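Close look at the chain arrangement
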Amino acid sequence: MITRQRLAAGVCALLAALTAGIAFPAGAVADETAAQAAPKVELVLDVSGSMRANDIDGGSRMAAAKQAFNEVLDATPEEVQLGIRTLGANYRGNDRKTGCKDTAQLYPVGTLDRTEAKAAVATLTPTGWTPIGPALLKAAADLDGGDGTRRIVLISDGEDTCQPLDPCEVAREIAAKGVGLTIDTLGLVPDAKTRDQLSCIADATGGTYTSVQHKEELTDRVGQLVDRAADPVATPVAVEGADACAKAPALKSGLYTDREEFAQHRWYRVDVEPGKELRASVSVAADRTVNPDYGVLLRAVTVHGREIVRGEAAGNGRTDVISTGLRYPKAESDDEDAPAETVCLQVSNSFSAASGVKTTPGMPLELTVDVVDGPDQASDVASFGLGRGWWLLGALVVIGFLAGVLWGWISRLRIAVWRTN
């Protein structure tokens, strides 16, 4: 339903633009139809000496990265402005201070010239240090400005070698600026420390971490992340949940944000018509230090308090976000005027604040609600766990019965003939 609403909105916008073209001169049309800010992506590649290692499908890590870059550059959507930054690509010496400044923009963020970008990538040779923190700071500056989606894709095979500038703290500083920039990380054949560091960087900005050990995995994942930058971004709507279903706000399909205090319950209401299916998911972000052992619960309940279905998730270690979801299909009704059912959504959590940590304001909560067309009729879905195979089983039973009767009759006839003879 969300998709249909967006499509309808797009059609309306197109009609408005065409109407403007009739009513106003060409100059006004250009202003009216100005494109939304282009999404920006910067690929940040580790070119340190360890990228020489030959442990990815019989070739070097650098060769796998180059191949991935070439294929991704060919498939990059036209609307995406893409740039490439390196770290550890130029300084071959042993001076740590100099090596930790070794980050450079290989290809500027902008309209992509595929041939030029490929030629620049082809010149790379594994060289020096691993200044991940400084590279992230520079990459954030490269993407500064504009309202479109901004994404950094960091590809590295080792830990940052330029402490005390902790790349996790750098990522948190970038997130704290509220610039809407996401950092996704990919670890090439990573050890435990590298995996933890890259996961931390991604978590800090709401990005993703992926461990990669094969060339195809690297190509596919980088391509997915570049494509994701071109996807339209849904703007969440602020809503305030209630402490009881009767007082809860009524929600339609969409993305909503709220705040939930520790161990608090928040209630929301959604109307589900016969033949429709409710799909809901919730994420609660631990934006401060919390104690181990926590969980999030999402329940769908009738207005009379009977639980329909629930989704839950639990953890016992460090995390930034914990999520769960549920689905509730409302059966079709023979009555065309049958009213919609009001479903109460309850969100609760079992987080507890660590000693000395403030409990207010509540933790950020993000709720997604989607009411879509329900599943097929009962004849098309599972019946006694067999689906359409139920009819086949019935036919086999009937055929078996008839075959048994026929065989019995033939056997009796043969015995009668034998006795007669």
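Residues numbered from 1 in each chain as written. Predicted model: local features only at pLDDT ≥ 70, side-chain atom pairs only at ≥ 80, totals over all residues. Heavy atoms only, no water.

A short note on the sheet that holds strand β2 (residues 81–87)
The condition that has to hold: DSSP bridges decide pairing: two strands pair if at least two such bridges lie between them. Elements are defined by DSSP. Helices are runs of H or I of four residues or more, strands are runs of E of two residues or more, and each kind is numbered from the N terminus. The axes are straight lines fitted to the C-alpha atoms, using for helices just the contacting stretch, and the angles between their N-to-C directions are given from 0 to 180°. Contacts: residue pairs with any heavy atoms within 4.5 Å of one another.
Taken in spatial order, the 6 strands line up as β3-β2-β1-β4-β5-β6 in an open sheet, and their pairing is mixed. Edge positions in the sheet fall to β3 (103–110) and β6 (209–212), since each has one partner strand and no second. Neighbour-to-neighbour, the strand axes of this sheet turn through a mean angle of 15°, independent of strand direction. Both β2 and β3 contribute to a ladder of 5 bridges, which runs antiparallel. Along β3, the bridge assignment pairs L87 with T103. On top of the sheet, helix α8 (residues 192–204) reaches β4 (150–156), β5 (181–188) and β6; it is set at about 165° to β5, its chief contact.

Considerations on the pattern of salt bridges
What counts here: Each reported salt bridge corresponds to a side-chain nitrogen of Lys or Arg within 4 Å of a carboxyl oxygen of Asp or Glu. The cut-offs for exposure are 20% and 50% of the maximum accessible area for each residue type, with area from a 1.4 Å probe on protein chains only; residues under the lower value are buried, those over the upper are exposed, and the others partly exposed.
Taken as a whole, this structure holds 17 salt bridges when the rule is applied. Close ionic contact of E277 with R327 constitutes a salt bridge, the shortest N to O distance being 2.9 Å. Note that E277 is positioned in strand β11 (residues 276–285) and R327 in strand β14 (residues 321–329), a separation of 50 residues in sequence. Among the ionic pairs, E307 bridges to R299, the shortest N-O distance being 2.8 Å. What makes E307 partly exposed here is its relative accessible area of 30%. Because the salt bridges share partners, they merge into one network encompassing R299, E307, R310 and E312.

Here's the deal with the packing of helix α3 (residues 61–75) against helix α9 (residues 215–230)
Selection rule: By convention, the crossing between two helices is left-handed when the near helix turns anticlockwise from the far helix through less than a right angle, and right-handed when the turn is clockwise. Throughout this entry, Asp, Glu, Lys and Arg are counted as charged residues, while Ala, Val, Leu, Ile, Met, Phe, Trp, Tyr, Cys and Pro are counted as nonpolar. The remaining residues, Gly among them, count as polar.
Packing of α3 against α9 brings their axes to within 9 Å, and their N-to-C directions diverge by 35°. Crossing geometry of α3 relative to α9 is assigned as right-handed. Touching A64, A65, Q67, A68, E71, V72 and A75 of α3 are K215, L218, T219, V222, G223, V226 and D227, all from α9. Class assignment of the residues belonging to the contact of α3 with α9 gives a composition of 8 nonpolar, 3 polar and 3 charged.

As for the pairing of β14
Burial along β14 is one-sided: the face carrying I322, T324, L326 and Y328 is buried and the face carrying V321, S323, G325, R327 and P329 is not. Two elements, β11 and β14, share 9 bridges in a ladder whose sense is antiparallel. Of the residues in β14, the one forming a bridge with L278 is Y328.

Overview of the packing of aromatic side chains
Quick reminder of the rule: For this analysis, a ring pair means two rings from Phe, Tyr or Trp (six-membered ring only for Trp) whose centres lie within 6.5 Å, classed as stacked if their planes differ by under 30 degrees, edge-to-face if by over 60, and tilted for the remaining angles.
According to the stated counting rule, one finds 1 aromatic pair in the structure shown. Here Y294 and F351 contribute two aromatic rings whose centre-to-centre distance is 5.0 Å and whose plane-to-plane angle is 15°, an arrangement assigned as stacked. Note that Y294 is positioned in strand β12 (residues 294–301) and F351 in the loop between β15 (341–349) and β16 (363–373), a separation of 57 residues in sequence. F351 shares its class with Y294; the two are buried.

Topic: the state of the cysteines
This is how it is decided: The rule for a disulfide is simple: a pair of cysteine sulfur atoms within 2.5 Å.
Within the structure shown, the criterion is met by 3 disulfides. One disulfide bridge connects C100 with C162, the sulfur atoms lying 2.0 Å from each other. Judged by the torsion about the S-S bond (-95°), the C100/C162 disulfide is left-handed. Of this pair, C100 sits in the loop between α4 (96–99) and β3 while C162 is found in the loop between β4 and α7 (167–176), placing the two residues 62 residues apart along the sequence. By relative accessible area, C100 is classed as buried at 13%. A sulfur-sulfur separation of 2.4 Å characterises the disulfide bridge that pairs C168 with C200. Residue C168 is located in helix α7, and its partner C200 is located in helix α8; the two are separated by 32 residues in the primary sequence.

Notes on the sheet that holds strand β13 (residues 307–315)
Strand pairing in a sheet is mediated by backbone hydrogen bonds. Such pairs are either parallel or antiparallel. With mixed pairing, 5 strands are arranged side by side in an open sheet as β8-β10-β15-β12-β13. A strand with exactly one partner marks an edge of an open sheet, and here the two such strands are β8 (250–251) and β13. Direction of pairing for strand β10 (residues 265–272) relative to β15: antiparallel, over a ladder of 8 bridges. Its bridge partner lying in β15, R269 is registered against C344.

Points about the pairing of β6
Defined as follows: Handedness is read with the strands pointing away from the viewer; a crossover is right-handed when the path from the first strand over the helix to the second is clockwise.
In this structure, β5 lies alongside β6, joined through 4 bridges in parallel fashion. Counted as the bridge partner of L186 is T210 from β6. In the classification by handedness, the crossover that spans β5, the intervening α8 and the parallel β6 is right-handed.

Function-wise, these values are silent; they only describe arrangement.
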